[in-house]
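In case you want the letters, here they are:
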Amino acid sequence: MKFPHLTPGYCGDQDSGSLTLNAQFFALYFQRIGGGSEKLLFPQRVPRAGFFQELIDRETNVASQALRNARQRLKDEFSEIISSQSWGKLHNSTHALLRWGAF
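Residues numbered from 1 in each chain as written. Predicted model: local features only at pLDDT ≥ 70, side-chain atom pairs only at ≥ 80, totals over all residues. Heavy atoms only, no water.

## What to know about the packing of aromatic side chains
This model, assessed by the stated rule, comprises 12 aromatic pairs. When the ring of Phe-51 is compared with that of Phe-52, the centres are 5.1 Å apart and the planes differ by 80 degrees; the resulting orientation is edge-to-face. Accessibility classification places Phe-51 together with Phe-52 in one group, the buried group. Among the aromatic side chains, those forming a connected cluster through ring pairs are Tyr-10, Phe-25, Phe-26, Tyr-29, Phe-30, Phe-51, Phe-52 and Trp-100. (Phe/Tyr/Trp six-rings, centres within 6.5 Å; stacked < 30°, edge-to-face > 60°. Buried < 20%, exposed > 50% of the residue type's maximum accessible area, 1.4 Å probe, protein only.)

Structural data, given as structure tokens:
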């Protein structure tokens, strides 16, 4: 793993030592996957456009796949919310996807 302060948190591993604020947030987010319908306060800082794709491209193969899987989990969560019309969960899901640069 090339970026130990970023990648583990964005993949949902909160026990990996010193993570950045955003990485810590996503580690917790993935533990709760969306936090139900309770609106979560997201960190102010939004990664620049293309950040996650660059992180995926520069990471090792294993870490890169873990990041792709995490992004897919977010997309799957969003699709499930839309199909089940769980509108209370939509806020958290869309904010997570925005921060991942999925829109």
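Past the structure itself, the notes keep going.
## Structural notes on the packing of helix α2 (residues 21-32) against helix α4 (residues 61-84)
Running from N to C, α2 and α4 cross one another at 50 degrees; their axes reach a closest spacing of 12 Å. Taken together, the axes of α2 and α4 lie oblique to each other. The two elements α2 and α4 cross, and the hand of that crossing is left-handed. Across the interface between the two elements, Phe-26, Tyr-29 and Phe-30 of α2 pack against Ala-70, Arg-73, Leu-74 and Glu-77 of α4. Of the residues assigned to the contact of α2 with α4, the class counts are five nonpolar, no polar and two charged. (Axes fitted to C-alpha atoms, helices over the stretch in contact; angles between N-to-C directions. Helix = DSSP H or I, 4+ residues; strand = E, 2+ residues; numbered from the N terminus. Parallel < 35°, antiparallel > 145°, perpendicular 65-115°, else oblique. Left-handed = near helix turned anticlockwise from the far one by under 90°. Contact = heavy atoms within 4.5 Å. Nonpolar A, V, L, I, M, F, W, Y, C, P; charged D, E, K, R; others polar.)

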